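A look at the structure
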Amino acid sequence: MDGKLPEIGAKWNIKDRWVLRRRSADYAGLSQRLNIDQVAVRVMINRGIDTEEKMRDFLYMTLKDMRDGALLPDVTEAVTILRQKLQEERPIRVMGDYDVDGITGSYILYSVLSFLHPKGKDGVSVDIPERTKDGYGLNERLIRQADADGIDTVVTVDNGIAASGPIELAKSLGMTVIVTDHHEVPYDEDGKEILPPADAVVDPKRAGSAYPFYDICGAVVGFKVCQQLMGISNETLYQLVCEETAPDLSAVSSFGKHISAGELKRLLHGCVEMCALGTNCDVMPLMDENRPILKTGLKLMEPSSIPGYANLISAIDLKRDHITGYDLGFRIGPCLNSSGRLESALEGLALLMETDDSKAQAMAQKIFELNNQRKIMMQQQIEVAVDMMESDETEADSVLVIYLPECHESLAGLVASRLKDRYNRPVLVATNSEEEGKLKGSARSVEGYQLYDALHEVKDLLTNFGGHAMAAGFGLKKENLEKLRQKLNENADFSRIGFDHVTVIDADMSLSYISEQVIADMERLEPFGQGNPKPVFGLVGLSVVGRPKVLGQNRNVAKCVVKDTNGNKMDAVYFGEADRFAEDVRGGGELQILYTPTVDHYYDTPRLQIVINDYKVV
């Protein structure tokens, strides 16, 4: 297996379409009032940020402007319980989940609760399920272990909303349980919520929730509980994290402990960093309060205040003075996730909690190497799945249900995600579990197909399931796999969705319009990610001047000069199969491109250039 996948077969009938988005608006007026280029205004409007008020929030929102955590359901009850337990010096256990959101949320709750607990770290502990042994979230084994350890209070993070059975067990054993989660609330046949029997259930997605923005990750939900617990307003948080001046801490609840502004600043720095990491890696939409959380967190990571995290960044060999959202989602997050996929997520959490620099360095290197192993294993399974999909015996289903018996179950979601991107269809990947005759799986969806609802419709074929519209986990008996495939495809209606790969172009910005100021204004729209994708610009009628240069050890870079119909020229660079690009453009046909404008700082004087992301020769 060489890592190269075959072309997508004709039976899938997938077309690659480019669509220019055109919407009417007062671009000139908004540009002038907001002091930002008209093209940046157009990009915001294309993201649904279509009023001046929304644009100001998008451009200027800070941690001061975040939503009030007091509006979360049951947060008052949760805080009242935690204050009592801290005052009584009761042993508390945080129970997270094994993904990045669960690990970062566990770090936040453990850090804050152990900071406040009269017994410090001796009063608070953490447990996380093992992916292959326990499956997702809270389970009876974890509850019985907590009981054996004498735990009084369990606080979940990034899980628990669907754990009615384990929580009922915990209550029968005399434990107090607080759920903090952000996942969909299960419901019965009549559409009524099924809440777990916890003492408090903090989830912004609960029916009747007054919280105005429910698309926050589990780590952020946990942090907002901590904010309420300590009495830290958004204004105070902003002052401690973003400003040099020390705020008034008289209203901060320290439960009898003397705290300095410096101690609190270090604690909250780490919490905001982990909120940013959890937000990005759990693919939350980068709108509303998620935007200042990520923007601020990225700045705080340069360098990180958390020794273990700083060592992981170094092991990956990232530029510590410029961490990006891409780095979090595609380089740092997968490394942290690999501990929970191939060994135990507690190793990833232990790295974040390690304060000894030399120990943290060794731990970070181990996790980095685990991730390299994970990449190889994942690529092998992707190739097996693609071979299966492209075989003559496989139907071109609307919903792909794939059985990979040799796939490590922790990689099923990653494989499903890659196949979803390739075939532009919802994908369910099932693999063998430790129980004879039973399968476990993960699913990933496309826009317009509500995955959680689709699984709910076929729940009689499943032993368990959970998740949300775009991602889910499930279990079933092996004998029901083919029935599941048939039923999901019978129920699916893709008449309004389609399978084409559609790239939406934000603007057909000409070469002559590109300037350093335009590029700087585009950078004000960062960070890019879910809900705020990187802007895409398109041009037609171009030609290549002379012959492209093919560079790089792997011949994966092509450099050339492009010219438009008005004679404007600009340097261009293409990353990919450079020899093919060079061959394609030599014929002299019209070049159509999708591109990103950049500034090339290689020369003594910075020069404008475009990065060609995709192209067609017609």
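Before any of the text, the structure's been laid out above.
Below is a short write-up of the structure. (Residues numbered from 1 in each chain as written. Predicted model: local features only at pLDDT ≥ 70, side-chain atom pairs only at ≥ 80, totals over all residues. Heavy atoms only, no water.)

Strand order in this open sheet of five strands is β7-β8-β9-β11-β10, and the pairing throughout is mixed. Each of the sheet's edge strands pairs with one partner strand only, and the pair in question is β7 (400-403) and β10 (464-467). Direction aside, the axes of adjacent strands within the sheet are offset by 15 degrees on average. (Pairing = 2+ DSSP bridges. Helix = DSSP H or I, 4+ residues; strand = E, 2+ residues; numbered from the N terminus. Axes fitted to C-alpha atoms, helices over the stretch in contact; angles between N-to-C directions.)

In terms of nonpolar packing, the biggest core is built from 85 residues, with Leu264, Tyr309 and Ile332 touching the most fellow members. Looking at this core, the element that brings in the most residues is helix α5 (residues 100-116), giving ten residues. Look past the residues within four positions of Ile332 in its chain and what remains in contact with it is Leu277, Tyr309, Leu312, Ile313, Ile316, Leu318, Ile323 and Asp327. (Core = buried A, V, L, I, M, F, W, Y, C linked by side-chain atoms within 4.5 Å. Buried < 20%, exposed > 50% of the residue type's maximum accessible area, 1.4 Å probe, protein only. Contact = heavy atoms within 4.5 Å.)

An order of β13-β14-β15-β17-β16 is seen for the five strands of this closed barrel, with the pairing classed as mixed. Across the sheet, the axes of successive neighbouring strands diverge by a mean angle of 45 degrees, strand direction being ignored. Across four bridges, strand β13 (residues 537-551) lies against strand β16 (residues 591-600) in antiparallel orientation. Residue pairing for β16: Leu539 is matched across the bridge by Ile593. Each of β13, β16 and β17 (607-617) is contacted by helix α20 (residues 516-523), which is oriented at about 90 degrees to β16, the strand it contacts most. Across the face of the sheet, helix α21 (residues 578-585) comes into contact with β13, β14 (557-563), β15 (569-575), β16 and β17 while running at roughly 110 degrees to β13.

Counting buried positions along strand β8 (residues 427-432) yields five of six residues, so the element is predominantly enclosed. Across four bridges, β7 lies against β8 in parallel orientation. Counterpart to Val401 in the pairing with β8 is Leu428. Of the crossover connections in this fold, the one passing from β7 over helix α17 (residues 412-423) to the parallel β8 is right-handed. The sheet contact formed by β8 and strand β9 (residues 438-444) spans six bridges and is antiparallel. (Right-handed = clockwise from strand over helix to strand, strands pointing away.)

A few words on the side chain of Ser445. Summarising the element assignment, Ser445 is placed in the loop between β9 and α18 (451-457). Looking at Ser445, the relative accessible area reads 2%, which means it is buried. Every residue in contact with Ser445, bar those within four places of it in the chain, is listed here: Lys420, Pro426, Leu451, Ala469 and Met470.

This next bit is on the pattern of salt bridges. For the structure shown, the criterion picks out 30 salt bridges. A salt bridge links Glu184 to Lys205, with the nearest nitrogen and oxygen atoms 3.9 Å apart. Separated by 21 residues along the polypeptide, Glu184 in the loop between β5 (176-180) and β6 (200-202) and Lys205 in the loop between β6 and α9 (218-230) bring together distant segments of the chain. The class of Glu184 is partly exposed, set by a relative accessible area of 29%. The closest approach of N and O atoms between Glu435 and Lys438, which form a salt bridge, is 3.5 Å. When its relative accessible area of 49% is taken as the criterion, Glu435 is described as partly exposed. Here the salt bridges share partners, and the residues they tie into one network are Asp26, Arg33, Glu52 and Arg56. (Salt bridge = Lys/Arg side-chain N within 4 Å of Asp/Glu carboxyl O.)

Tracing the sequence through the fold places Val241 in helix α10 (residues 234-242). Taking the C-alpha atoms as reference points, Val241 and Val272, separated by 31 residues in sequence, lie 8.3 Å from one another. Leave out the neighbours within four places in its chain, and Val241 touches Leu63, Lys265, Leu268, His269, Val272, Thr296 and Leu300.

At their nearest, the axes of helix α2 (residues 38-46) and helix α3 (residues 52-60) sit 11 Å apart, and the two run at 105 degrees to each other. By the angle between their directions, the pair α2 and α3 is classed as roughly perpendicular. For the pair formed by α2 and α3, the contact residues are Val41, Met44 and Ile45 on the first element and Met55, Phe58 and Leu59 on the second. Grouping the constituent residues of the contact of α2 with α3 by class yields six nonpolar, no polar and no charged. (Parallel < 35°, antiparallel > 145°, perpendicular 65-115°, else oblique. Nonpolar A, V, L, I, M, F, W, Y, C, P; charged D, E, K, R; others polar.)

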